[in-house]
Amino acid sequence: MFISATILAAVAFAGVQEAQTSCPIMGEPASAKVAKVLYNGIEVGFCCGGCDGTFKNDPVKALKKSAENKLTVGVFLFDPISKNRIEPKKAAAHTDYAGIRFYFESAANKAAFEKDPKANWSLTTKESTTCPVMGGEIKSVAKASEYVDYKGTRYYTCCPGCVARFKADPEAYAAKAKVVEAKAVTIAK
């Protein structure tokens with residue numbers, strides 16, 4: 001009995017493994033040896049060194065083409081329901097949508113997302129890596145604790161609890177943050 005329960009637990013956990021992504025430019029498997037790019041909270045991998053530049057020139061077009069080709073090309077670094085940063089190995093569930101792998105803190109979050117993905121996540125045209133609550137610069141989106149989307153801008157925050165404070169007075173906090181056009185940035189290896 002113990003062995004079968006252990007096997008069942010291993011099989012259940014196997015569904016939340018890290019995604020093997022494809023290159024959004026060539027469609028080949030992404031290589032761990034090639035630098036990744038962050039865009040809109042999405043970590044994107046590539047098959048070779050030249051593809052990242054093509055992606056960075058027009059990430060929206062590359063993501064749209066990948067979705068049309070049913071390729072999973074990136075991993076969103078946050079649970080789109082709770083807005084918290086999540087590590088794939090700690091996720092309770094995942095799903096692929098619009099060419100992106102999304103991880104969730106709970107099966108309930110996954111169900112909420114799948115009920116209406118467009119209402120729960122979209123690309124933004126602007127972003128802020130200055131925490132709107134604490135004012136500190138977030139060196140990398142990959143280091144942000146949470147995020148909140150407000151009036152077409154994605155605001156990344158430095159620590160748990162900042163999103164709740166932001167939501168209490170979004171106009172005041174948004175006015176303090178430095179907002180820039182969303183762009184694709186290479187992650188240092």
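Everything below is about the structure shown above.
A short tour of the structure in this document, coming up. (Residues numbered from 1 in each chain as written. Predicted model: local features only at pLDDT ≥ 70, side-chain atom pairs only at ≥ 80, totals over all residues. Heavy atoms only, no water.)

Looking at the nonpolar core
For the record, the criterion: For our purposes a nonpolar core is just a set of buried Ala, Val, Leu, Ile, Met, Phe, Trp, Tyr and Cys residues, chained together by side-chain atoms within 4.5 Å. For the exposure calls, accessible area comes from a 1.4 Å probe over protein chains only, and a residue counts as buried if that area is under 20% of its type's maximum, exposed if over 50%, partly exposed in between.
Among the nonpolar cores identified, the biggest contains 39 residues, and Phe46, Phe55, Phe76, Phe78, Trp121 and Phe166 are the most heavily contacted of them. If you look at the next biggest cluster of nonpolar residues, it comprises five residues, including Ala19, Val75, Ala91 and Tyr103.

Quick look at helix α3 (residues 59-68)
Inclusion rule: Only DSSP runs of H or I with at least four residues qualify as helices, and only runs of E with at least two residues qualify as strands; both kinds are numbered from the N terminus onward. By arc we mean the arc of the directions from the helix axis to the C-beta atoms, nothing more. When checking whether two residues touch, look at their non-hydrogen atoms; a contact exists if any pair is within 4.5 Å.
Within α3, the full set of buried residues consists of Pro59, Ala62, Leu63 and Ser66. One face of α3 carries all of its buried residues, which in axial projection span an arc of 95°. Exposed residues lying more than 90 degrees from the buried face of α3 are Lys61, Lys64 and Glu68. Contacts made by the buried residues of α3 are with β1 (37-39), β2 (42-44), α2 (51-57) and β5 (100-104). In the segment just after α3, Lys70 is the residue with positive phi, at about 55°.

What about the packing of aromatic side chains?
Pairs of aromatic rings are described using the distance from one ring centre to the other and the angle between the two planes. Applied cut-off: Stacked, tilted and edge-to-face pairs are distinguished by plane angle, under 30 degrees for stacked and over 60 for edge-to-face with tilted covering the rest, among Phe, Tyr and Trp rings (Trp via its six-membered ring) whose centres lie within 6.5 Å.
Tallied over the entire structure, the rule returns 16 aromatic pairs. One aromatic cluster is present, built from ring pairs that chain together Phe76, Phe78, Tyr97, Phe102, Phe104, Phe113, Trp121, Tyr147 and Tyr156.

Let's talk about the layout of surface pockets
This is how the line gets drawn: The method works on a 1 Å grid over the protein atoms by themselves. A cavity is a set of points holding a 1.4 Å probe that cannot get out, a pocket is an open set with protein on both sides within 12 Å along at least five of seven lines, and residues with an atom within 4 Å of a point line them. Grid points are joined across faces, edges and corners, and a volume is the space filled by probe spheres set on the points.
In this model, the second largest pocket occupies a volume close to 350 Å³. Surrounding the second largest pocket, 19 residues form its lining, Glu127, Thr129, Lys139, Val141 and Val185 being those nearest its centre. Of all the elements in the fold, those that place two or more residues in the lining of the second largest pocket are β1, β6 (126-128), β9 (180-181) and β10 (185-186).

Keep in mind that these numbers describe shape and distance, not what the molecule does.
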